[in-house]
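Letter by letter, the chains look like this.
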Amino acid sequence: MSYKVVFHIDWDDDQILKMALVNIENLLKDPSAISSKIHLVANGESVRFFRKEFCGENYPKIKELHSNGVRFCICNNSLNKLKYKPENMLDICEIVPTGVIEICRLQDAGFAYIKP
Amino acid sequence: MSYKVVFHIDWDDDQILKMALVNIENLLKDPSAISSKIHLVANGESVRFFRKEFCGENYPKIKELHSNGVRFCICNNSLNKLKYKPENMLDICEIVPTGVIEICRLQDAGFAYIKP
Amino acid sequence: MSYKVVFHIDWDDDQILKMALVNIENLLKDPSAISSKIHLVANGESVRFFRKEFCGENYPKIKELHSNGVRFCICNNSLNKLKYKPENMLDICEIVPTGVIEICRLQDAGFAYIKP
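Being a predicted model, the structure only gives us computed values, none of them experimental. (Residues numbered from 1 in each chain as written. Chains lettered and ligands numbered in written order. Predicted model: local features only at pLDDT ≥ 70, side-chain atom pairs only at ≥ 80, totals over all residues. Heavy atoms only, no water.)

**Student:** Can you help me understand the interface of chain A and chain B in this one?
**Tutor:** Many authors give the size of an interface as the accessible area that is lost as the parts come together. Counting residues at the interface gives 17 residues for chain A and 21 residues for chain B. Summed over both sides, the interface of chain A with chain B buries roughly 1,500 Å², with 67% coming from carbon and sulfur. It is Trp11, Ile101 and Cys104 of chain A that lose the most area in chain A upon contact with chain B, and together they represent 34% of the buried surface on that side. Looking at the side of chain A that touches chain B, the elements with two or more residues in it are α3 (76-81) and α4 (99-108) of chain A. If you tally residues by element for the side of chain A that touches chain B, the top one is α4 of chain A, at six residues. (Contact = heavy atoms within 4.5 Å. Buried area = accessible area lost by both parts, 1.4 Å probe. Helix = DSSP H or I, 4+ residues; strand = E, 2+ residues; numbered from the N terminus.)

Below is the structure:
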C-alpha cells in the first residue's frame, strides 16, 4: 500500500515546520508507505523557511526528504507579497502560482490533507 | 476547470481570518478557478468576526467575496454558546445548525478542505 | 444520513483539545449524525492529554464520547519521542503506529478531515 498526502503550512512558526518535517519523516519510515506521494505546500509567511539565506538548521532535513521524493511547493502569490524572488528560494522548491489551488488540485486527485 | 473548496476557521484570531480571506481572494483571481464553489465555515469563537457591530475593517473584503459567490456559513451552536443571535450577524451570512457537520457534508460532496 | 470524520490534534494546547471535544459533542447530538463514525487522531505533543495521570478535567468528556462510539487513536511515534509507554495511556485509547498514516488511511476510506 502507499499513500498520497499533501501537508499544508502557512504560518511563520518554526515549530509548525518542524512538526510537518517530523510527520513526513515518520510517514516515510513506515513500511506501509513505500512509494507514497508526499507534497508539502507552503503559503503565507511560511514561505520564508525556504529562502536560501534563511533555511538554516532545517535545511539538511528538507534536503533529505526531497531526495526521498517529497515535493516542496511554494506559493508564488506569497512570494510576491513578501517581495521574495523565486531565485532566492532553495533549489529543491517548486514554485506554484497559487498555493491553495495546488492543495485543491491535489485533494481532487485523491490526496489526503494534513495540517500540522 | 473549477474547484470546490471549504475553508474552515474556528479561533478568535484576526490573523487567521485575514489569511482565509487572502487565500480565497488568490483562489478567485486565478484564471483556472472560474465558477469555483467556495464556502467558508466559521465555528467556535471565530463567529464573532461576523457580527454586524464588530466586523470592522474586514467587512469590505467579506462583502466583496460574497458578491463573487463565496458563501459564509456560521455555526449556530457557536452562536448559542456565545449568546449571539442570528439577527446580530452580517446579512451575507448563512446560519448552519452545526459547523462541523456542514464541513463533513461538503467534503462528502467532493469539496477540498483547507484550514488557514 | 451519517458521517465519517477524523479530527486531528497535535499541539500541547488545552484549548484545542476542548475545541475538538465540543466539535465532536455537537456533531453527535445532531439528529442527522446517527451512527456516524468519528475518530480523533492525536500525535505530537497532544498525546500527553491522554496519559492516565494527566487527563484531569477532560477525562469525563473523553470517556463519555468513547462510550458513544468515538475512537481515540494515539500515535506511537509520538509516545516514543516523549518516552511515554502505551500502558501509561487511558484505557480507552487505541495506539496506532503512525498518526499521520492513520489519518491518510481514514481519508482514503472516505472520512472527512477536520483540524480544530
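Next comes the rest of the description.
**Student:** Looking at this structure, I do not really get the sheet that holds strand β1 (residues 4-9) of chain A. What am I missing?
**Tutor:** Sheets are built from strands that pair by backbone hydrogen bonding, the pairs being arranged parallel or antiparallel. Residues and elements named next belong to chain A. Strands sit in the order β4-β3-β2-β1-β5 across an open sheet of five strands; the sheet is parallel. Either end of the sheet is taken by a strand with one partner, and the two such strands are β4 (93-96) and β5 (112-114). Averaged over all neighbouring strand pairs, the angle between strand axes comes to 25 degrees, with direction disregarded. One ladder, built from four bridges, connects strand β2 (residues 37-42) with strand β3 (residues 71-75); its direction is parallel. Bridge pairing links valine 41 to cysteine 73 in β3. (Pairing = 2+ DSSP bridges. Axes fitted to C-alpha atoms, helices over the stretch in contact; angles between N-to-C directions.)

**Student:** Just checking my understanding: could you explain the sheet that holds strand β3 (residues 71-75) of chain C for this structure?
**Tutor:** Residues and elements named next belong to chain C. Spatial strand order, β4-β3-β2-β1-β5: five strands in an open sheet with parallel pairing. Looking along the sheet, the strands with just one partner apiece sit at the ends: β4 (93-96) and β5 (112-114). Averaged over all pairs of adjacent strands, the angle between their axes in this sheet comes to 25 degrees, without regard to strand direction. Relative to β5, strand β1 (residues 4-9) runs parallel, the two being bridged by three bridges. In the sheet register, valine 5 faces β5, and the bridge partner there is alanine 112.

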